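Reading the structure
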Amino acid sequence: MTDLRIRAAKADDLDAVLAFWKVAAEGTSISDDREGVERLVARDPETLILAELDGELVGTVIAGFDGWRCHLYRLAVHPERRRRGIGSALLTAAEERFVRLGGRRGDAMVLVRNETAQHAWRAAGYAPEEKWRRWVKPLGD
């Protein structure tokens, strides 16, 4: 996969990213809108990482670092491009970013019902931590 290009998203990529997630990402997030993704990229311009093949968006990952923890979200590869190393390349880029920033451990948000994703995350060396539970509270309407 020598033609694969990994790069940070820019403002003019965001509409394509949102459309891509509708095709390639499992589930939806409260922040899956233009305003949410603009805020993400404005706060940290290197956090949204894209994979392109021959100019086509084929994968994404959000590699967020808050100064304390390394969080991975929205690892998505186009369904027709899976099992070709794109997800691995994105995770490598995310992990290298975390190391540069001083991160010590990455954690990923993985839907319980998404068994395909669970297999991919395990293959990449990640494992669930059953002793923790995610607690959430929507803020605002």
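Details of the structure are given in the entry above.
Residues numbered from 1 in each chain as written. Predicted model: local features only at pLDDT ≥ 70, side-chain atom pairs only at ≥ 80, totals over all residues. Heavy atoms only, no water.

Some points on the overall build of the protein
Counting secondary structure elements, the protein contains four helices and five strands. For the protein, the sequential pattern of α-helices and β-strands runs β-α-α-β-β-β-α-β-α. Here the protein has a C-alpha radius of gyration of 15 Å; the compact-globule value for 141 residues is 14 Å, and the two agree. With the C-alpha coordinates aligned to their principal axes, the bounding extent of the protein is approximately 40 × 35 × 30 Å. The buried share of the protein, taken over its 141 residues, is 36%. Contacts in the protein between residues at least 24 apart in sequence constitute 63% of all its contacts with a sequence separation of at least 6. The distance from the centre of the 23 positive side-chain charges to the centre of the 23 negative ones in the protein is 5 Å. (Helix = DSSP H or I, 4+ residues; strand = E, 2+ residues; numbered from the N terminus. Rg over C-alpha atoms; globule rule 2.2 N^0.38 Å. Buried < 20%, exposed > 50% of the residue type's maximum accessible area, 1.4 Å probe, protein only. Contact = heavy atoms within 4.5 Å. Lys, Arg positive; Asp, Glu negative; His and termini not counted. Charge placed at Lys NZ, Arg CZ, Asp CG, Glu CD.)

Focus on the sheet that holds strand β4 (residues 70-77)
If you trace the five strands from one edge of the open sheet to the other, you get β1-β2-β3-β4-β5, paired in mixed fashion. Because the sheet does not close on itself, it has two edges, and the strands there are β1 (4-8) and β5 (106-108). With strand direction ignored, the average angle separating the axes of adjacent strands in the sheet is 25°. Across the sheet, helix α3 (residues 86-101) touches β1, β2 (48-53), β3 (56-65) and β4, and the angle it forms with β3 is around 30°. (Pairing = 2+ DSSP bridges. Axes fitted to C-alpha atoms, helices over the stretch in contact; angles between N-to-C directions.)

Here's the deal with the pattern of salt bridges
Counting across every chain of the model gives 10 salt bridges. As a salt-bridge pair, Asp13 and Arg7 come within 2.8 Å of each other at their nearest N and O atoms. Here the two residues Asp13 and Arg7 agree in accessibility, since each one is buried. Here Glu26 and Arg113 are joined by a salt bridge, their closest N and O atoms 3.3 Å apart. Placement of Glu26 in the loop between α1 (14-24) and α2 (34-43) and of Arg113 in the loop between β5 and α4 (115-123) is noted, with a sequence separation of 87 residues between them. With a relative accessible area of 41%, Glu26 lands in the partly exposed category. (Salt bridge = Lys/Arg side-chain N within 4 Å of Asp/Glu carboxyl O.)

What to know about the nonpolar core
Ranked by internal contacts, the top residues of the largest apolar core, which has 20 residues, are Ile49, Leu72 and Ile86. Among the elements that make up this core, the one with the highest residue count is α3 (six residues). With near-sequence residues (within four places) excluded, Leu72 lies in contact with Val61, Ile62, Ala63, Leu91, Ala94, Phe98, Asp107, Ala108, Met109, Trp121 and Tyr126. Judged by nonpolar contacts, the second largest core, of 15 residues, contains Leu14, Leu18, Phe20 and Ile62. (Core = buried A, V, L, I, M, F, W, Y, C linked by side-chain atoms within 4.5 Å.)

Observations concerning the environment of Ala120
Relative to the assigned elements, Ala120 resides in helix α4. Separated by 19 residues in the primary sequence, Ala120 and Leu139 have C-alpha atoms spaced 31 Å apart.

Some points on the packing of aromatic side chains
Inspection of every chain in the model, using the stated rule, returns one aromatic pair. It is Arg74 that lies over the ring of Trp21; its NZ or CZ is 5.3 Å from the centre. (Phe/Tyr/Trp six-rings, centres within 6.5 Å; stacked < 30°, edge-to-face > 60°. Lys NZ or Arg CZ within 6 Å of the ring centre and 35° of its normal.)

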